[in-house]
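# What the coordinates show
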Amino acid sequence: MYEKKATVKKQIGIHARPATFLIQKANEFKSSIWIEKDERRVNAKSLLGVLSLGVAQGATISIIADGQDEADAVNTLCDLIDSDFAE
């Protein structure tokens, strides 16, 4: 299991469009991936789950993965968040 924290810089937080980018990127990996905020953990490959967290600007979330490509998955998703969801 691999875990890393990321702070959301996007002014409107993780709404539908950035959540979609995050999910598409998460689905590129074989590992199970979760996003955790305030002790709530959701599947990072689920749009409803990610949106249900209500991640606002400035929130710190944990990206957690377990599987053969866990480190790559977590680092890639954290980089996406750090880049402000730039494509």
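Analysis parameters
- Residues numbered from 1 in each chain as written.
- Predicted model: local features only at pLDDT ≥ 70, side-chain atom pairs only at ≥ 80, totals over all residues.
- Heavy atoms only, no water.
- Buried < 20%, exposed > 50% of the residue type's maximum accessible area, 1.4 Å probe, protein only.
- Helix = DSSP H or I, 4+ residues; strand = E, 2+ residues; numbered from the N terminus.
- Pairing = 2+ DSSP bridges.
- Core = buried A, V, L, I, M, F, W, Y, C linked by side-chain atoms within 4.5 Å.
- Contact = heavy atoms within 4.5 Å.

To continue, consider the pairing of strand β2 (residues 32-37). Taking every second residue as pointing to the same face, the buried face of β2 carries Ile33, Ile35 and Lys37, while none of Ser32, Trp34 and Glu36 on the other face is buried. As paired elements, β2 and strand β4 (residues 60-66) share five bridges and run antiparallel to each other. The residue of β4 that forms the bridge with Trp34 is Ile64. Bridging between β2 and strand β3 (residues 40-43) involves four bridges; their strand directions are antiparallel. For Glu36, the partnering residue across the bridge sits in β3 and is Arg41. In this structure, the hairpin formed by β2 and β3 is closed by a connection of two residues, where Asp38 is found at a positive phi of approximately 50°.

The next point concerns the nonpolar core. With 27 residues, the main nonpolar core has Ile14, Leu22, Ile33, Ile35, Ile61, Ile63 and Ile81 as its most contacted residues. Where this core is concerned, the elements lending two or more residues are α1 (16-26), β2, β4 and α3 (70-82). Looking at which element gives the most residues to this core, the answer is α3, with six residues. Dropping the residues within four chain positions of it, Ile14 is found in contact with Val8, Ala19, Val50, Leu51, Val55, Ile61 and Phe85.

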